[in-house]
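Structure at a glance
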Amino acid sequence: MSKESPLSKLLGQLDREYSLSEEFKNRVTRLVERLEGLNLPAEQVQILLGKVRETYDRQVLVESCREESRRSLDRIHSAIQSYSSALNNINQRLDQAEAALESLLSSKAAVRPVPPRPSEEKAILPFDKEKARALAAFVSISSKNSRIN
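Residues numbered from 1 in each chain as written. Predicted model: local features only at pLDDT ≥ 70, side-chain atom pairs only at ≥ 80, totals over all residues. Heavy atoms only, no water.

1. Topic: a nonpolar patch on the surface
Together, Leu73, Ile76 and Ile80 make up a nonpolar patch on the protein surface, roughly 310 Å² of accessible area in all. Assignment of secondary structure puts Ile80 in helix H3 (residues 42-111). Classification of Ile80 by relative accessible area gives exposed; the value is 53%. (Patch = residues over 30% accessible without salt bridge, like charges linked within 9 Å, V, L, I, M, F, W, Y side chains within 5 Å. Areas by Shrake-Rupley, 256 points an atom, 1.4 Å probe, with all protein chains shown as cover. Salt bridge = Lys/Arg side-chain N within 4 Å of Asp/Glu carboxyl O. Helix = DSSP H or I, 4+ residues; strand = E, 2+ residues; numbered from the N terminus. Buried < 20%, exposed > 50% of the residue type's maximum accessible area, 1.4 Å probe, protein only.)

Quick look at the structure:
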């Protein structure tokens, strides 16, 4: 058996030291195997050892940033889904309020007797006050919904 090369030794150490993707480890291993076939001077082997270590250090940063980015995207996606759900709930409530208002207005209009109005007196009838309050409430809800969208 031949003596293990310094590059192979370093790879074994780095593979134990760092938890990196198998794809990365295999690519570096194949590259080192190709380099071991060459008769390199000790000075160049030392330079390669430093480069391999630097490559592993950079890859740790790349893979951790990639993982953090994926988690951030998952959080953003979750927030968007929550926001969308809240908007759907608001729209459903607005639709219900609008239907209730229309129902109220149509039922009151059908039952409402036409009172004689003196020409000089312009008093507000209780039904008109109720109608005005309902319309104001609906406008307020619609206004809030338009600001959300």
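Additional details are given in the paragraphs that follow.
2. Overview of the pattern of salt bridges
Inspection of every chain in the model, using the stated rule, returns seven salt bridges. Here Arg53 ties to Glu17 by a salt bridge, and the two come within 3.8 Å at their closest N and O atoms. Taken together, the positions of Arg53 in helix H3 and Glu17 in helix H1 (residues 6-17) put the pair 36 residues apart, joining distant regions of the chain. One connected set of salt bridges, linked through shared partners, spans Glu67, Glu68, Arg70, Arg71, Asp74 and Arg75.

3. Some points on the packing of aromatic side chains
Enumeration over the complete set of coordinates arrives at two aromatic pairs. Measuring from ring centre to ring centre gives 6.1 Å for Tyr18 and Tyr56, while their planes differ by 45°; the resulting arrangement is tilted. Of this pair, Tyr18 sits in the loop between H1 and helix H2 (22-36) while Tyr56 sits in helix H3; the two residues are 38 residues apart in sequence, bridging distant segments of the chain. A relative accessible area of 17% means that Tyr18 is categorised as buried. (Phe/Tyr/Trp six-rings, centres within 6.5 Å; stacked < 30°, edge-to-face > 60°.)

4. Quick word on the environment of Tyr56
Look at Tyr56 and you get buried, because its relative accessible area is 0%. Placed 39 residues apart in sequence, Tyr56 and Glu17 show a C-alpha to C-alpha distance of 9.9 Å. Excluding anything up to four places from it in sequence, Tyr56 contacts Leu11, Leu14, Asp15, Tyr18, Leu20, Phe24, Lys25 and Val28. (Contact = heavy atoms within 4.5 Å.)

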